[in-house]
Amino acid sequence: VQLQASGGGLVQAGGSMSLSCAASGRTLSGSTMGWFRQAPGKEREFVGAIKWSSRNFYYADSVKGRFIISRGNAKDTGYLQMNSLKPEDTAVYYCAVSWTIILSRTRDPGGYHYWGRGTLVTVSS
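All figures in this text were calculated on a predicted structure; none of them were measured in a lab.

Some remarks on the pattern of salt bridges
- Evaluated as defined, the whole model comprises five salt bridges.
- A salt bridge links D89 to R37; its shortest N-O distance comes to 2.8 Å. One end of the pair, D89, is in the loop between β8 (77–82) and β9 (91–98); the other, R37, is in strand β4 (residues 32–38), and 52 residues separate them in sequence. Per residue, the accessibility class of D89 equals that of R37, and both read buried.
- In this structure, R105 and D108 form a salt bridge, with 2.8 Å as the shortest nitrogen-oxygen distance.

Written out as structure tokens, the structure reads:
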């Protein structure tokens, strides 16, 4: 399984940016796709997740109401739409997938088995 993340770059505070994560090698049906981020000097933190088949969504409080996770029309591709971006959203963003994660570990990076390469999002003030 490979996850190809794309998007990222530089955006001004208050702006928007979309990241995508395309899976290959296995269908995402039955999986959970998580989005995480890691700022310099900080631990990797949960941003949000989607249960692929049930379309249940989970968000960190810090992004709730600003970020939206979705499944795109393209097969096995997930998206993270980030709105009203703040300088503190600056981080390397990662997508991750697991087919066996239990609900209680949805926000735990250790619960995911496959990771995409991170993509840097920089929000300027």
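Picking up after the structure, the text goes on.
Side note on the environment of W52
- Along the chain, W52 turns up in the loop between β5 (45–51) and β6 (57–59).
- For the pair W52 and D108, spaced 56 residues apart in sequence, the C-alpha to C-alpha distance is 17 Å.
- Apart from residues lying up to four places away in sequence, W52 is in contact with L28, S29, G30, S31, M33, R71, D76, T77 and G78.

Brief notes about the state of the cysteines
- Tallied over the entire structure, the rule returns one disulfide.
- Between the sulfur of C21 and that of C95 lies a disulfide, 2.1 Å long from S to S. Between C21 and C95, the S-S torsion sits near 70°, and that sign places the bridge as right-handed. Of this pair, C21 sits in strand β3 (residues 17–24) while C95 sits in strand β9, and the two are 74 residues apart along the sequence. Exposure class is identical for C21 and C95. Each is buried.

Topic: the environment of G8
- Inspection of the secondary structure puts G8 in the loop between β1 (2–6) and β2 (9–12).
- Linking G8 and K86, residues 78 residues apart in sequence, is a C-alpha distance of 14 Å.
- For G8, the contacting residues outside a window of four places in its chain are M17, S18, L19, T119, L120 and V121.

Quick word on the nonpolar core
- In this structure, M33, W35, F67, L80, M82 and Y93 are the most contacted members of the largest nonpolar core, which totals 35 residues.
- Put simply, the parts of the chain that give this core at least two residues each are β1, β3, β4, β5, β7 (67–71), β8, β9 and β11 (119–124).
- Non-local contacts of Y93, meaning those with residues more than four positions away in its chain, are made with L19, F36, R37, V47, F67, L80, M82, R117, G118, T119 and V121.

Reading the values: rules and limits
- Residues numbered from 1 in each chain as written.
- Predicted model: local features only at pLDDT ≥ 70, side-chain atom pairs only at ≥ 80, totals over all residues.
- Heavy atoms only, no water.
- Salt bridge = Lys/Arg side-chain N within 4 Å of Asp/Glu carboxyl O.
- Helix = DSSP H or I, 4+ residues; strand = E, 2+ residues; numbered from the N terminus.
- Buried < 20%, exposed > 50% of the residue type's maximum accessible area, 1.4 Å probe, protein only.
- Contact = heavy atoms within 4.5 Å.
- Disulfide = S-S within 2.5 Å.
- Core = buried A, V, L, I, M, F, W, Y, C linked by side-chain atoms within 4.5 Å.

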